[in-house]
Amino acid sequence: MTISFDLTGKTAIVTGANTGLGQAIAVALAGAGADIALVGRSSMEETEAAIAAGGRGKCRFIKADLSTIEPIKDVVEQTLAWTSRADILVNNAGIIRRSDAVDFTEADWDDVMDVNLKSVFFLSQAFARHLIAQGKGGKIINIASLLSFQGGIRIPSYTASKSGLAGLTRLLACEWAGKGINVNAIAPGYFETNNTEALRNDPDRNAAILGRIPAGHWGKPDELGGAAVFLASPASDYVHGVVLPVDGGWLAR
Ligand code: NAD
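The name an unreviewed UniProt entry assigns to the protein is 2-dehydro-3-deoxy-D-gluconate 5-dehydrogenase, from the organism Pseudorhizobium banfieldiae. The protein has a UniProt comment under Sequence similarities (unreviewed entry) that states "Belongs to the short-chain dehydrogenases/reductases (SDR) family."

The following block contains the structure:
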């Protein structure tokens, strides 16, 4: 049996693909041959240029604000109108709000839960409905977090959302594995993106975090690409419901 990581002829929807981890995942999947629907609120110019430079999959920007579920049906429909298919969904868009739990506001709770959990569920549902109607399998990759396993501090809604996302990944895997849909998650460790800027700018937190990472450095976004390609490809066809840490060894410590 030949193991295949090839995504030629597949279409992937990647949310929050304009920057950070979403951009790196979109570029990696395109490098493996997939066409990418770049979903998000703002310009995808940088990602579009990187994908064009890679010379394999093509891409298209689909504008959507995932703070509500209102654009979700349109995201799937626009993808289908573009390439007539949708095989892979990467739920990457996410936000974080930092404040002590005793001061945490309802808005900071709701805003984070809406993007990180509610929209993820309903976009996965819309995507799976399409696959099931077509009688086809597919791949869903949720971007979880170390806070799917640990508590953290000063990020109550983020920890709740990412812990919830791990549970949702397992539930959807149980419901849809029999339909040929693989639902898995990647739990990135500490990566150099906007999401972690506040931590990297705090000398004490930065030193404490770095001191605990066995690999000895913050993750570079492109170090996440291989795990995404694996979970999007036929090589992972019998992998269901896992939350795969890509964390420089953080959780092993
Ligand atoms: P980032 O802030 O650079 O990227 C977040 C992305 O989500 C951006 O593209 C942003 O436009 C998009 N987004 C946010 N709100 C949106 C909305 N309402 N509608 C559409 N798109 C929206 O941060 P990142 O680190 O690249 O984060 C990507 C994912 O990885 C997030 O889910 C984050 O929680 C997760 N994550 C990051 C790290 C890390 O160390 N950077 C660690 C664990 C998990």
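The terminal C-alpha atoms of helix H1 (residues 20-31) lie 17 Å apart, and with 12 residues this matches the ideal 16 Å at 1.5 Å per residue to within 8%. For H1, a buried count of nine out of 12 residues is recorded, marking the element as mostly surrounded by other parts of the structure. Along H1, the residues classified as buried are Gly20, Leu21, Gly22, Gln23, Ala24, Ile25, Ala26, Leu29 and Ala30. Residue Gly33 follows H1 closely and has a positive phi angle near 110 degrees.

Turning our attention to helix H8 (residues 225-232). The element H8 is extensively covered by neighbouring structure, given that six of its eight residues are classed as buried. Tucked inside the fold, the buried residues of H8 contact H1, strand S4 (88-91), strand S5 (138-143), strand S6 (181-188) and strand S7 (243-246).

Strand S2 (residues 35-40) sits mainly inside the fold: six of its six residues count as buried. As defined by bridge partners, strand S1 (residues 11-15) adjoins S2 across five bridges and the pair is classed as parallel. Residue Thr15 lies in a different strand from S2, and its bridge partner there is Val39. For the crossover from S1 across H1 to S2, the handedness is right-handed. Relative to strand S3 (residues 59-63), S2 is paired through five bridges, and the arrangement is parallel. Looking across to S3, one finds that Ile36 is bridged to Cys59. Handedness of the crossover joining S2 and S3 through helix H2 (residues 45-54): right-handed.

The immediate surroundings of the ligand are formed by 28 residues, with Asn18, Asn92, Tyr158, Phe191 and Thr193 found nearest. Leu21 has a polar backbone atom sitting 2.8 Å from an oxygen atom of the ligand. Thr193 has a polar side-chain atom sitting 2.5 Å from an oxygen atom of the ligand. Protein contact buries 95% of the 820 Å² of open area that the ligand shows by itself. Considered class by class, the residues forming the shell around the ligand number 12 nonpolar, 13 polar and three charged.

Definitions and cut-offs
Residues numbered from 1 in each chain as written. Predicted model: local features only at pLDDT ≥ 70, side-chain atom pairs only at ≥ 80, totals over all residues. Heavy atoms only, no water. UniProt positions renumbered as here; feature names shortened; annotations may be inferred. Helix = DSSP H or I, 4+ residues; strand = E, 2+ residues; numbered from the N terminus. Expected span 1.5 Å × (residues − 1). Buried < 20%, exposed > 50% of the residue type's maximum accessible area, 1.4 Å probe, protein only. Contact = heavy atoms within 4.5 Å. Pairing = 2+ DSSP bridges. Right-handed = clockwise from strand over helix to strand, strands pointing away. Near = heavy atom within 4 Å. Polar contact = N/O pair within 3.5 Å; in protein donor to acceptor, adjacent residues only side chain to side chain. Areas by Shrake-Rupley, 256 points an atom, 1.4 Å probe, with all protein chains shown as cover. Nonpolar A, V, L, I, M, F, W, Y, C, P; charged D, E, K, R; others polar.

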